[in-house]
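A structural walkthrough
So the chains spell out like this:
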Number of protein chains: 2
Amino acid sequence: MRTPYLLFLGDAPEFSMIKTAAGIREWRPEFSRAQFRLPGCGVDLGLPDMTPAEAAAEGVGTMVLGVVNVGGFIPEVWLASIVAALEAGLDVASGMHQRLADIPIIAEAAARLGRTIHDVRQPKQVFTPGNGAKRSGKRLLTVGIDCVVGKKYTALAIEKAMRARGMKADFRATGQTGIMIAGHGVAIDAVIADFISGAAEWLSPANDPDHWDVIEGQGSLFHPSYAGVTLGLIHGSQPDAIVVCHEPVRTHLLGLDYPVPDLRTCIDANLAAARLTNPEVRAIGISINTSRMGAPEVDQVVKDIEAETGLPCCDPIRHGASKIVDLLDA
Amino acid sequence: MRTPYLLFLGDAPEFSMIKTAAGIREWRPEFSRAQFRLPGCGVDLGLPDMTPAEAAAEGVGTMVLGVVNVGGFIPEVWLASIVAALEAGLDVASGMHQRLADIPIIAEAAARLGRTIHDVRQPKQVFTPGNGAKRSGKRLLTVGIDCVVGKKYTALAIEKAMRARGMKADFRATGQTGIMIAGHGVAIDAVIADFISGAAEWLSPANDPDHWDVIEGQGSLFHPSYAGVTLGLIHGSQPDAIVVCHEPVRTHLLGLDYPVPDLRTCIDANLAAARLTNPEVRAIGISINTSRMGAPEVDQVVKDIEAETGLPCCDPIRHGASKIVDLLDA
């Protein structure tokens, strides 16, 4: 995706609807040049407001639809803005379920003007089944006790901590928000089932021996809806290191009547799965999401988890991820 | 799929290319009404030779392309026969990668004549992610140390043995050949990754308490290309019983430089995975593929495996599957 970005916030009334834009703003401030808000928009990322034409004049490459809604559809009220962006010379990127390329007025404008449309949920590559062959370079994968527990955030925090100390590191995105942040990647849950591990192999190709791919995990081995995706991603990623993401106060899987697994069970199951394609895999840390906990409680939980697992534990939002990276940088 | 079938053998020069037709002939003789061979065809299933028009006059409902080739494409020399079948009043089913519906002359004829085209590799249903909710009825899933080790054959032999003793049982197909045999099912490796377990839940819906779905397994938890599919299928199937398929003389995964897992390890890993959605799951037998072994050797291997695992062991081709079904019919 051509950088920098104009972050389209549309008419989003509240912050929970612009998580994609907020993620890009937080993790890729250098690409977040401006925001574009429609009447009725109730949020502000603290960026300059620009129209697509103004943004194009400032060198912006892509307008990113940074808004999510429940159905994942493109509201009609956005269409004129999207066409205006194409006409101003910008590419347009979307993580919605509904594809921009399926909307005739947008597809036609993009074709006529020679712009690129990025429907990041739809893999464009042709994948093949994974082959399990060892690749050079190092890989870290975030895994978790459940969905929506901080796997993307943890990976981004680890990439940031690695880069801060001069390590070679690249975040590798496997979901639409991550792809928007990274500018590339693959929506691993949208590929054909046969090609999950193959897509993961494609995502983190051979690299320098001291280079780290920090791969965004998906789902959980303990989630009855998505564990297949998780396992294929583990096998294709061939991680040298896994970081287990945990929310200490969570008792049940999101939206399901299933208990979350015990942390030790979760670590062991992920290591057992990962050993198939990388017998040397290690668990190197526990990342906790403490957004629903108070500070004193957090301190105790960190101590307890470190005592229980023998691994460094931190909340990447409260503490950053240095503690975990220390182990790899030794 | 409308039965009975006209099995199209095309110009297949040798038996290895008509495995789909041979599977239907073997497992669904009651549906295998006739065969249709083109000049150059070097194989014979022992069925009456009929043209599509003759078959239609005999009440045949569907012409099944029972031939496979390496690329999975529809050769041009077949096109006239396929159109002739549609014109004679037959539906046409194909398990090839290339879709009949994508070939204009075929799509046009089917639309004009009101016939149904079954491209069984392409799921027609819209799936949702699995929800892990318990369903009534009983389920048996075949799993394996590797791909192409006898999971479909074992499931079909178990269905046959169950039905022979009056048990309620249905084979549930998860691959294109199985779908051709059953007349329905889902090519589980062709669904979107997010929906693997959801598709498996769809495949074996709630049923009578004493009804068995005998589900065709896919891939292997120990196969780095396909384990994600395997795990999603396990979780969605919620098996009460698993049968582990094994080839005693196999040392490496088909086509990969990976050793096959130890049988005990394989049993335990599959049970551990299956317990997530069915804590009561049991391993009830070992199905061995002894096509590359001699009879005395087979007897010894059966004894050894039964001693090692404590489970009944048989080759469904040599011995049938009664020994395994005994445990469920007790």
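Structural data are supplied above this passage.
Residues numbered from 1 in each chain as written. Chains lettered and ligands numbered in written order. Predicted model: local features only at pLDDT ≥ 70, side-chain atom pairs only at ≥ 80, totals over all residues. Heavy atoms only, no water.

1. A look at the overall build of chain A
Scanning chain A from terminus to terminus reveals 12 helices and 11 strands. Here the C-alpha atoms of chain A give a radius of gyration of 20 Å, agreeing with the 20 Å that 2.2 N^0.38 yields for 330 residues. For the C-alpha atoms alone, the extent of chain A along its principal axes is close to 55 × 45 × 45 Å. The buried share among the 330 residues of chain A stands at 58%. Excluding contacts between residues fewer than 6 apart, the proportion of contacts in chain A whose partners are at least 24 apart in sequence is 74%. Total accessible area on chain A is roughly 12700 Å²; 54% of this is exposed by carbon and sulfur atoms. Counting 30 positive and 38 negative side-chain charges, chain A places the averaged centre of each group 3 Å from the other. (Helix = DSSP H or I, 4+ residues; strand = E, 2+ residues; numbered from the N terminus. Rg over C-alpha atoms; globule rule 2.2 N^0.38 Å. Buried < 20%, exposed > 50% of the residue type's maximum accessible area, 1.4 Å probe, protein only. Contact = heavy atoms within 4.5 Å. Areas by Shrake-Rupley, 256 points an atom, 1.4 Å probe, with all protein chains shown as cover. Lys, Arg positive; Asp, Glu negative; His and termini not counted. Charge placed at Lys NZ, Arg CZ, Asp CG, Glu CD.)

2. Details of unusual backbone geometry
Of note, the amide linkage connecting T3 of chain A to P4 of chain A takes the cis form, showing an omega dihedral of -10 degrees. Of note, P4 of chain A is situated in the segment before strand 1 (5-10). For Q238 of chain A, which is not a glycine, the phi torsion comes out positive at approximately 50 degrees. Tracing the chain through its elements places Q238 of chain A in the loop between helix 8 (227-237) and strand 9 (241-246). According to the relative accessible area criterion, Q238 of chain A is buried, its value standing at 1%. In the Ramachandran plot, V148 of chain B falls in the positive-phi region, its phi being about 45 degrees despite a non-glycine side chain. Relative to the helices and strands, V148 of chain B resides in the loop between strand 6 (138-144) and helix 5 (151-164).

3. Brief notes about the relation of the copies chain B and chain A
Taken as rigid bodies, chain B and chain A are interconverted by a rotation of 180 degrees and an axial shift of 0.1 Å, the fit giving an RMSD of 0.0 Å. Taken together, the rotation and translation relating the two chain copies correspond to the operation of a two-fold axis. Of the interface residues in chain B, 100% have counterparts in chain A that sit at the interface too, so the contact is made through matching surfaces. (Least-squares fit on C-alpha atoms with pLDDT ≥ 70 in both.)

4. Topic: the sheet that holds strand 9 of chain A
Residue and element names in this part refer to chain A. Sheet architecture is open: 6 strands sit in the order 7-8-6-9-10-11, paired in parallel fashion. Pairing within the sheet leaves two strands with one partner each, and these edge strands are strand 7 (168-172) and strand 11 (313-314). Sheet topology note: the strand 9/strand 10 (residues 282-288) ladder contains 6 bridges and is parallel. Of the residues in strand 10, the one forming a bridge with A241 is R282. Helix-sheet contacts for helix 5 (residues 151-164) involve strand 6 (138-144), strand 7, strand 8 (211-215), strand 9 and strand 10, and the interaxial angle to strand 7 is about 165 degrees. (Pairing = 2+ DSSP bridges. Axes fitted to C-alpha atoms, helices over the stretch in contact; angles between N-to-C directions.)

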